[in-house]
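# Architecture at a glance
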Amino acid sequence: MAITVTPPQLTVTSPLDGSQITEGETLALQATASDAEDGDISSAITWSSDIDVAVKQIKKTRKKKDANAPKKPMSAFFWYQGSRREALKKEQPN
């Protein structure tokens, strides 16, 4: 007696071969699967992506922003006021 093992057959129905999507566009993944012993096993299909891992790693390696850092460079007015601050304090103590 010989036992023949045949692997399940998977057919990806969406996206079609050669399809292109743009950044931010939703990509629908669809497929059918059948097995010689169990018949239609499409409901058992699960999807995963190693791209998710790469994105998570990139987010973790980003440099954290300093909460106390100025939001943008000092304007000429504030730069001038900063240089004159001590003199003004002496002239007008109150």
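None of these values were measured; they are calculated from a predicted model. (Residues numbered from 1 in each chain as written. Predicted model: local features only at pLDDT ≥ 70, side-chain atom pairs only at ≥ 80, totals over all residues. Heavy atoms only, no water.)

### Overview of the environment of L27
Position of L27 among the secondary structure elements: in the loop between strand 1 (9–14) and strand 2 (30–35). Distance from L27 to P15, taken between C-alpha atoms, is 7.5 Å for residues twelve residues apart in sequence. (Helix = DSSP H or I, 4+ residues; strand = E, 2+ residues; numbered from the N terminus.)

### Focus: the sheet that holds strand 3 (residues 39–40)
Across the sheet, which stays open at both edges, the three strands sit in the order 1-2-3 with antiparallel pairing between neighbours. Because the sheet does not close on itself, it has two edges, and the strands there are strand 1 and strand 3. In this sheet, strand 2 lies alongside strand 1 in antiparallel orientation, the contact comprising five bridges. Counterpart to Q9 in the pairing with strand 2 is S34. (Pairing = 2+ DSSP bridges.)

### Comments concerning unusual backbone geometry
Apart from glycine, the bulk of residues carry a negative phi angle, and the bulk of peptide bonds sit in the trans form. Residue P15 follows S14 across a cis peptide bond; omega there is 5°. Assignment of secondary structure puts P15 in the loop between strand 1 and strand 2.

### Details of the pairing of strand 2
Burial along strand 2 is one-sided: A31, A33 and D35 are buried, while Q30, T32 and S34, pointing the other way, are not. Joining the antiparallel neighbours strand 2 and strand 3 is a turn of three residues. (Buried < 20%, exposed > 50% of the residue type's maximum accessible area, 1.4 Å probe, protein only.)

### Observations concerning helix 2 (residues 76–91)
With 16 residues, helix 2 should cover 22 Å at 1.5 Å per step; its first-to-last C-alpha distance of 22 Å lies within 8% of that length. For helix 2, the principal kink sits at R85 and spans about 50°. With zero of its 16 residues buried, helix 2 lies for the most part at the surface. (Expected span 1.5 Å × (residues − 1). Bend = angle between axes of the 7 residues up to and from the residue.)

### Considerations on the side chain of S14
Looking at the element boundaries, S14 is found in strand 1. According to the relative accessible area criterion, S14 is buried, its value standing at 19%. From its side chain, S14 meets the backbone oxygen of A28 in a polar contact 3.2 Å long. Here S14 is in contact with A28, L29 and Q30, once residues within four sequence places are set aside. (Polar contact = N/O pair within 3.5 Å; in protein donor to acceptor, adjacent residues only side chain to side chain. Contact = heavy atoms within 4.5 Å.)

### Remarks on the pattern of salt bridges
One pass over the full model with this rule turns up one salt bridge. Ionic pairing is found between E91 and R84, a salt bridge with its closest N-O pair at 4.0 Å. (Salt bridge = Lys/Arg side-chain N within 4 Å of Asp/Glu carboxyl O.)

### Structural notes on a nonpolar patch on the surface
On the surface, a cluster of nonpolar side chains totalling about 550 Å² of accessible area is made up of L10, V12, I21, L27, L29 and W47. Within the fold, L10 resides in strand 1. (Patch = residues over 30% accessible without salt bridge, like charges linked within 9 Å, V, L, I, M, F, W, Y side chains within 5 Å. Areas by Shrake-Rupley, 256 points an atom, 1.4 Å probe, with all protein chains shown as cover.)

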